[in-house]
Amino acid sequence: MSSRNQATVGGVILAAGQSSRYKSGNKLLATVGGTAVVRHVAETACESSLSDVVAILGYEGVAVAEALEGLSLSVQHNDEYATGQSASVRHGVDYAQESDWEAALFLLGDMPFVRAETIERLLEAYRTGTATVVVPEHEGRRGNPVLFDNCHFDALASVSGDRGGRDIIETTERTAFIEVEDPGVHWDIDTDADLAEFTDRRDSL
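As a starting point, this report considers the structure included with it. (Residues numbered from 1 in each chain as written. Predicted model: local features only at pLDDT ≥ 70, side-chain atom pairs only at ≥ 80, totals over all residues. Heavy atoms only, no water.)

**Looking at the overall build of the chain**
In plain terms, the rule: Runs of E in the DSSP output that reach at least two residues are strands. Runs of H or I that reach at least four are helices, and both are numbered from the N terminus. To get the radius of gyration, use the C-alpha atoms; to get the globule rule, take the number of residues to the power 0.38 and multiply by 2.2 Å. Exposure categories follow from relative accessible area, calculated using a 1.4 Å probe and restricted to protein chains: below 20% of the type maximum is buried, above 50% is exposed, and the middle band is partly exposed. Contact between two residues is taken to exist if any of their heavy atoms lie within 4.5 Å; hydrogens are not considered. Surface exposure here means Shrake-Rupley accessible area, sampled with a 1.4 Å probe, where a residue is shielded only by the protein chains that are shown. Think of it this way: Lys and Arg go in the positive column, Asp and Glu in the negative one, and His and the chain ends go nowhere. Every charge is mapped to an atom, namely NZ of Lys, CZ of Arg, CG of Asp or CD of Glu.
A count of helical and extended segments in the chain gives 7 helices and 10 strands. Over its C-alpha atoms the chain spans a radius of gyration of 16 Å, differing by no more than 12% from the 17 Å that the globule rule assigns to 205 residues. Structurally, the chain occupies a C-alpha span of about 45 × 40 × 30 Å along its principal axes. By residue count, 53% of the 205 residues in the chain fall in the buried class. Pairs at least 24 residues apart make up 72% of the contacts formed inside the chain by residues separated by at least 6 positions. Working note: accessible area of the chain is about 9,400 Å², and carbon and sulfur atoms make up 43% of it. Charge-centre separation for the chain: the mean point of 16 positive side chains lies 4 Å from the mean point of 34 negative side chains.

**What to know about unusual backbone geometry**
Backbone torsion omega between Asn144 and Pro145 reads 10°, so that peptide bond is classified as cis. Residue placement: Pro145 occurs in the loop between β8 (141-142) and β9 (146-149). One non-glycine residue, Glu60, lies in positive phi territory at about 50°. In this structure, Glu60 sits in the loop between β4 (52-57) and α2 (61-67). A residue is classified by how much of its surface remains accessible, and Glu60, at 37% relative accessible area, is partly exposed. The phi torsion at Asp100 lies on the positive side, around 60°, for a residue other than glycine. Of note, Asp100 is situated in the loop between α3 (85-98) and β6 (103-108).

**Remarks on the nonpolar core**
Put simply, the rule is: Among buried residues, the Ala, Val, Leu, Ile, Met, Phe, Trp, Tyr and Cys ones that are joined through side-chain atoms within 4.5 Å form a nonpolar core.
Grouped together as the largest cluster of nonpolar side chains are 34 residues, with contacts concentrated most on Val9, Ile13, Val38, Leu50, Leu68, Val134 and Leu147. Excluding anything up to four places from it in sequence, Val134 contacts Leu122, Ala125, Tyr126, Pro145, Val146, Leu147, Ala176 and Ile178. Of all hydrophobic cores here, the second largest spans 22 residues; its members include Val93, Leu108, Val114 and Val133.

All we've got here are geometric facts, nothing functional implied.
Here you go:
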């Protein structure tokens, strides 16, 4: 039995971006079935077996926070959101370290179609294995969310721009790629057309 079986793994929702390519406003506040995109992400995270959840907000943070009201999560504000995703990752790492998490699952606030069972698959792979990074794959192509053991927290906090954890994923020997039956791990919303296309695809599955 892995000593990680009772590991504290929290979720970090990256929800601070400026939606620069989304012409109809803030993509996180666009709706799928009457519910804001970011709330879909947060509800899935909160319904999972993650030990804790924090949302990192920035652009239009008040409105995004309102979309998350009533959920069992914490909210942190990233005043440096304009510098790229890495600033939100740093805020998430700070929260994770202060909370003594043993690992963190980073979820993107514009990916509302990731299934709860995908989160559980990633958690199970971490808890029962030796990987320090766990990445979902669908049809051979990697996606999000991605789990990082706390041994990578300092490296994540030092990333700049929009690279996120890609360099860590690519250079870590103990990275596990987990095949999932979930196309939602690829469906990030950047445009109105993306939202319409992915919603239609999901509804046809």
